[in-house]
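In case you want the letters, here they are:
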Amino acid sequence: VSTQSTWDTQTIIMGIGFFLFMAYAIVLGDRRDEICKTTPEMIEKRGFTTEIFDVKTQDGYLLKLFRIIVPGLEGMANKKPVAMQHGFLGSSDEFLEGGDMSLSVHLAKSGFDVWLLNTRGTRYGKNHTHLSIKSKEFWNFTFEEMGMYDMIANIDFIKKHTKYDKIAFIGFSQGNSKMFAAFSLAPNLIKDRINQIIAIAPIVKFDLLTNVYLIAFAKMRLGKMMEFLGFDEVLPTNDITCKIGGHFCYYFPLICKLFILVQGDWMPYFVSDEALPIFYSHYPGGTSAKAMDHILSLINLGGFYRYPHNNEKLVEYDLNNIQGVPISIICGENDLVSSPAAAQ
């Protein structure tokens, strides 16, 4: 009798727990069908269509470039092209993870010609004209090459396709590092192509960084450690990792918000539970160990330096060269990586 009673009590408790969980899931909204979806699939989920292009860089990388097409606005005259560049360990997916609230969706509905860029090493940048993805040479790059080659190739393609002489650029996080690196090294390369830069949460200098987790990773030289262990590619996404990350964060959103805390936002409860599974089914999206070492080394150095290949002398990017193009900087007060003080 005692055993039966215990079993009944456990069953009731489990039943109540399941009911409460399902009620919670209904309230937060269910976007599980977007877990692991590609950029075109997420665009189509919003009721739009996608134009997909293959862009070849000067050094042979083949990148996917996506254009959002809004039904009914295809023939709209003077649609200004906007290029959106993703951040560290991201891809074009990140500009759609907010669903209908995504900036790319809002811009497209507002009549802008939205183009989503990708760089080498992401799920949309793992092809080359002659290098094998398994070769060390394929992964021999940092965010500087992403700016000088990938970003420029994408922008030139957009210019040629739209017949615009100059276009607007929106960068997120390390997407701005790519832009500012290229701008400092070749100012005219940017001024001849870009008429406006909107830098969201830019990463340039880390001298005011307060994120203890990133500081610890930098002190460990995590990127260099991965190279030493033989990993040329780090934190890639695949069919297995995206499903694990997405479904885990659907059922355990509070735990995933702790990951956001580690990444740099000390108020992660502002992040929508609905968007968490989508975000972590795409993030992290992979890069090279050298690119990781480059960005983390900037934390130790406190400045904006080029990567010292073969132990070369450190050379700082000359930010004084960044002139002639209007720049708007947007960052959050609670961002532990790109704070307003750091942006200034």
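Visitor: Can you walk me through the nonpolar core in this structure?
Guide: Proteins that are soluble and globular tend to have nonpolar side chains buried together. Of all hydrophobic cores here, the largest spans 57 residues; its most connected members are M151 and I194. M151 has contacts with Q85, L117, M146, F169, K178, M179, A182 and I190, leaving out every residue within four places of it along the chain. Judged by nonpolar contacts, the second largest core, of 22 residues, contains I35, I43, V70 and F95.

Visitor: Would you explain the packing of aromatic side chains in this entry?
Guide: Geometrically, a pair of aromatic rings is defined through the distance of the ring centres and the angle of the planes. Under the defined criterion, the tally for this structure stands at 16 aromatic pairs. Taking the centre distance of 5.1 Å and the plane angle of 85° together, the rings of F66 and Y124 count as edge-to-face. Separated by 58 residues along the polypeptide, F66 in strand β2 (residues 61–69) and Y124 in the loop between β4 (113–116) and β5 (127–128) bring together distant segments of the chain. Comparing F66 with Y124, the two get one shared label, buried. Aromatic side chains F304 and Y317 sit 4.5 Å apart centroid to centroid with 40° between the ring planes, which places their arrangement in the tilted category. In this pair, F304 sits in the loop between α12 (289–301) and β10 (327–330) while Y317 sits in the loop between α12 and β10, placing the two residues 13 residues apart along the sequence. The pair formed by F304 and Y317 is uniform in burial state, with each residue classed as buried. Ring-pair connections join several aromatic residues into one group, and the members of that group are Y61, F138, W139 and F141. Above the plane of the ring of Y250 lies R32, whose end atom (NZ or CZ) is 4.2 Å from the centre. Against the face of Y61 rests R120, its NZ or CZ located 3.9 Å from the ring centre.

Visitor: Could you clarify how one ought to interpret the state of the cysteines in this entry?
Guide: Defined simply, a disulfide is a covalent bond joining two cysteines at their sulfur atoms. Applying the stated criterion to the full structure yields two disulfides. One disulfide bridge connects C36 with C242, the sulfur atoms lying 2.0 Å from each other. Taking the torsion about the sulfur-sulfur bond, which here is approximately 110°, the covalent link between C36 and C242 counts as right-handed. Remark: C242 occurs in helix α9 (residues 239–251) and C36 occurs in the loop between α1 (2–28) and α2 (39–45); sequence separation between them is 206 residues. Looking at C36, the relative accessible area reads 18%, which means it is buried. Sulfur-sulfur distance for the disulfide between C249 and C256 comes to 2.0 Å. What sets the handedness of the C249 and C256 disulfide is the S-S torsion sign, and at about -90° it is left-handed. The burial state of C249 is the same as that of C256; both residues are buried. When the cysteines of the protein chain that form disulfides are numbered from the N-terminus onward, they connect as 1-2, 3-4.

Visitor: I'm lost on the pairing of β2 in this one. Help?
Guide: Regular strands place side chains that alternate from one sheet face to the opposite one. Within β2, seven of the nine residues are buried, which leaves the element mostly enclosed by the surrounding structure. Pairing analysis gives eight bridges linking strand β1 (residues 49–56) to β2, with the strands arranged antiparallel. Bridging across to β2, D54 finds its partner in K64. Counted along the chain from β1 to the antiparallel partner β2, the turn is four residues long, and its residue G60 has a positive phi close to 95°. In this structure, β2 lies alongside β5, joined through two bridges in antiparallel fashion. When the sheet's bridge partners are listed, L62 is paired in β5 with N127. Looking at chain direction, β2 and β4 are connected through two bridges and run antiparallel. Its bridge partner lying in β4, F66 is registered against L116.

Visitor: How should I be thinking about the packing of helix α4 (residues 143–162) against helix α5 (residues 174–185) in this particular structure?
Guide: Relative placement of two packed helices is described by the angle separating their axes and the distance separating the axes. As a packed pair, α4 and α5 sit with axes 8 Å apart at the nearest point and diverge in direction by 75°. One way to sum up the angle between α4 and α5 is to call them roughly perpendicular. Contacts from F143, E144, M146, G147, M148 and M151 of α4 reach α5 at Q174, S177, K178, M179, A181, A182 and L185. Broken down by class, the residue content of the contact of α4 with α5 amounts to eight nonpolar, three polar and two charged.

Cut-offs and rules
- Residues numbered from 1 in each chain as written.
- Predicted model: local features only at pLDDT ≥ 70, side-chain atom pairs only at ≥ 80, totals over all residues.
- Heavy atoms only, no water.
- Core = buried A, V, L, I, M, F, W, Y, C linked by side-chain atoms within 4.5 Å.
- Buried < 20%, exposed > 50% of the residue type's maximum accessible area, 1.4 Å probe, protein only.
- Contact = heavy atoms within 4.5 Å.
- Phe/Tyr/Trp six-rings, centres within 6.5 Å; stacked < 30°, edge-to-face > 60°.
- Helix = DSSP H or I, 4+ residues; strand = E, 2+ residues; numbered from the N terminus.
- Lys NZ or Arg CZ within 6 Å of the ring centre and 35° of its normal.
- Disulfide = S-S within 2.5 Å.
- Pairing = 2+ DSSP bridges.
- Axes fitted to C-alpha atoms, helices over the stretch in contact; angles between N-to-C directions.
- Parallel < 35°, antiparallel > 145°, perpendicular 65-115°, else oblique.
- Nonpolar A, V, L, I, M, F, W, Y, C, P; charged D, E, K, R; others polar.

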